[in-house]
Amino acid sequence: MTTIEKVIEGNYCIGCGICASVNNSIYKIETTKEGRYKAINTDIEGNNELPDKVCPFSSSSLNEDELAEKYFSDIKGINKDNEMGYNLSSYAGYVEEDNYRELGSSGGGVSWLLNSLLEENLIDAVIHVKEGNMDNIFEFAISNNAKELREGAKSRYYPVEMSAVLKKIRDTDKRYAIVGIPCFIKAIRNLSENDKEIKDRIVYYIGIVCGHLKSKNFTSLFAWQQGIHPKDVVNIDFRHKIPSSSAALYSIKITYKKEDKILHKISKPASELYGTDWGLGFFKYKACDYCDDVLAETADVVFGDAWAAKYRKDWKGSNLVITRNKTIDDLLKKGIKKGKLNFDPIGKDIVIASQGGSFRHRRKGLAYRLYKLNKEGVWAPKKRVDLKEAKLDDEKYIKVQNYRMRFLDVVDEYFLEALEKNSFKHFKRKLALPILRYKFLVYGIRGIIPAWTKDLYRFLFKRVNEK
Ligand SMILES: Cc1cc2nc3c(=O)[nH]c(=O)nc-3n(C[C@H](O)[C@H](O)[C@H](O)COP(=O)(O)OP(=O)(O)OC[C@H]3O[C@@H](n4cnc5c(N)ncnc54)[C@H](O)[C@@H]3O)c2cc1C
Ligand code: SF4
Ligand code: SF4
């Protein structure tokens, strides 16, 4: 059995579509009933060797360290770090020029850089994620000019796959920049190592930091709890900025159809909506629990959110940026000098403060998950973390990790039941006890006292003190 087959069988597939993009591949991409893309073996005669060498979770593909060393180790002045990967410069800040920041998810840096690459004639077009249709609200697409690329701004917490777009670019002779989350960038880098056509076409790799990817039901969850049936959703903005004290308090904007009208609904802050506990990971891909790349270590540059306190307090949003390519580094420096970018040079402390949760999950947390599967004799993808890092002396920690691993399947199962019964209430009812148990596990008795009782206690306590 090849490791890509083990990836698919073990449900570690992220649905990136790289295996299916290979000429004569035996794989194709399908949507599962749980709303995720997944590769399936078509059982026809064809190529299984190359897919195995390019799948980001296969042991036969090059890992992030091996790839990064090829591309970045010879760059003059570059540093290497365990968490940040290779790095030339690190910044936090936002775009001053035009309305990139307003249109973007955080500081607007990704769209600004893509436009600069076009303007400087370093690329002819961009491969990124844009609006699709009602079946696939978002999909990988090609933008050929500034207007088209700006239409693709914003983060899409939604399944996307690359096989169709990669097939399209083979028939052109253009130079492209591609935007992707870390595992997708790793997958294309591996493909480019084995496929000259792809290597010649894709000339810049723009990474975006990734906490984890969600199934299509994450979109349905937001719609349904606000009284919009999942089948009526036309579009969703996962990062609708609201003037407030914090960039973390964004809302969800849903565009939906009602009879023959197209309407919009803007939610309260997303953090107050049901199902947004990122620790519990509603509708996460299982693969994301076996990922060790937070900062797209094989990308020429990576953009994320600067969640460190100093930057988070500006509701308009700020980027965290790490460069690994001299041309891109120079473009950003030129932008800073001309006042187009308001970027501060930052140290590792700000990077870690911005992505602390992801690092904990993908270092110690991952070491524990791998240790557990290893002990049970279950196959898991080969990762760069040392199993010795697993925290085995903390009973509560182990219980929380085990609980989170099981929770993924429970959420899927109850949501499918709710869809069948056409009842969102059913979903909440079925999850009430599992969520209560989780909160008790993590926070003890404090976690299960309803918020209103805490408010009442504070109110009464204040009255007593005032008397
Ligand atoms: C699934 C996902 C998880 C993320 N998790 C984190 C996190 O945990 N921490 C963090 O700091 N940042 C995370 N980000 C990144 C963050 O949300 C912003 O995308 C990033 O800060 C860039 O913002 P911007 O304003 O510069 O980009 P914009 O100017 O808004 O441009 C965004 C670009 O990314 C492209 N894009 C959007 N979604 C995808 C996708 N799924 N795959 C490929 N390209 C896409 C768009 O087409 C556009 O070109 C995540 C993004 C995604 C898509
Ligand atoms: S290459 Fe991507 S789509 Fe194919 S099996 Fe691997 S993770 Fe899944
Ligand atoms: S967490 Fe890792 S595996 Fe999951 S989508 Fe993000 S980069 Fe890919």
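The rules behind the values
For every chain, the first residue of the written sequence is number 1, and numbering continues from 1 onward in sequence order. Think of it this way: whatever chain is written first is A, whatever ligand is written first is 1, and the rest follow in order. The model is predicted, so local features are restricted to residues of pLDDT at least 70 and side-chain atom pairs to those at 80 or more, both for listing and for counting; the totals for chains, interfaces and linings are taken over all residues. By convention in this description, side-chain values take in all heavy atoms of the structure and omit both hydrogens and water. Only runs of H or I of at least four residues qualify as helices and only runs of E of at least two qualify as strands under DSSP, and these elements are numbered from the N terminus. Taken over C-alpha atoms, the radius of gyration is set against a globule rule of 2.2 Å times the number of residues to the power 0.38. Relative accessibility decides the category of a residue: with a 1.4 Å probe and only protein chains considered, values under 20% of the type maximum give buried, values over 50% give exposed, and everything between is partly exposed. Contact criterion: two residues are considered in contact whenever any of their non-hydrogen atoms come within 4.5 Å of each other. Accessible areas in this description were obtained via Shrake-Rupley with a 1.4 Å probe; residue shielding takes into account the shown protein chains only. For the purpose of charge, His is not counted, nor are the chain termini; Lys and Arg are scored as positive and Asp and Glu as negative. A single reference atom marks each charge: NZ on Lys, CZ on Arg, CG on Asp, CD on Glu. Residues belong to a common nonpolar core when they are buried Ala, Val, Leu, Ile, Met, Phe, Trp, Tyr or Cys residues joined through side-chain atoms within 4.5 Å. A molecule or strand has a residue near it when one of that residue's heavy atoms lies within 4 Å. In this classification, Asp, Glu, Lys and Arg are treated as charged, Ala, Val, Leu, Ile, Met, Phe, Trp, Tyr, Cys and Pro as nonpolar, and every other residue, Gly included, as polar. Two strands are counted as paired when DSSP detects at least two bridges linking them. Here an angle of 0 to 180 degrees is reported between the N-to-C directions of two axes, which are lines fitted to C-alpha atoms, with helices fitted over the stretch in contact.

Trainee: Tell me what's going on with the overall build of the chain, and back it up with residues and numbers.
Mentor: Counting its regular elements, the chain contains 18 helices and 15 strands. Against the compact-globule benchmark of 23 Å for 467 residues, the chain has a radius of gyration of 22 Å, which places it among compact chains. For the chain, the proportion of its 467 residues judged to be buried stands at 55%. Taking all contacts inside the chain whose residues are at least 6 apart in sequence as the whole, residues at least 24 apart take part in 68%. In the form shown here, the chain has an accessible surface area of approximately 21900 Å², with 50% of it arising from carbon and sulfur atoms. Averaged over its 79 positive side-chain charges, the chain has a centre that lies 6 Å from the centre of its 64 negative ones.

Trainee: Which residues make up the nonpolar core, and what values go with them?
Mentor: If you look at the biggest cluster of nonpolar residues, it comprises 110 residues, and the most contacted ones within it are I14, M162, F282, L295 and F427. Per-element accounting of this core gives the leading share, nine residues, to helix α15 (residues 395-421). Setting aside residues up to four positions removed in sequence, L295 forms contacts with E83, M84, V209, V302, L320, I322, R324, V351, Q355 and F359. Core analysis: the next-biggest nonpolar cluster, separate from the first, contains 24 residues, V95, I123, L331 and L332 among them.

Trainee: Tell me about the site of ligand 1, and please be specific about residues and values.
Mentor: Around ligand 1, 32 residues are found, and the nearest of them are S106, S111, V129, S155 and D305. Here ligand 1, which alone exposes 910 Å², has 97% of that area covered by the protein. It is helix α6 (residues 109-119) that provides the largest number of residues to the shell around ligand 1, a total of four residues. Class assignment of the residues belonging to the shell around ligand 1 gives a composition of 12 nonpolar, 16 polar and four charged.

Trainee: How would you sum up the sheet that holds strand β5 (residues 90-95)? Please name residues and give values.
Mentor: An order of β7-β6-β8-β9-β13-β14-β5-β15 is seen for the eight strands of this open sheet, with the pairing classed as mixed. At either end of the open sheet lies a strand with only one pairing partner, and these are β7 (138-143) and β15 (341-345). On average, each strand axis in the sheet is inclined to that of its neighbour by 30 degrees, with strand direction left out of account. Both strand β6 (residues 125-131) and strand β8 (residues 176-180) contribute to a ladder of three bridges, which runs parallel. In the strand pairing of β8, I127 is matched with I178. The strands that helix α8 (residues 163-170) touches are β6, β7, β8 and β9 (202-208); relative to β7, the one it contacts most, it runs at about 20 degrees. Contacts from helix α14 (residues 348-376) reach β13 (301-305) and β14 (319-323), with the element oriented near 120 degrees to β14.

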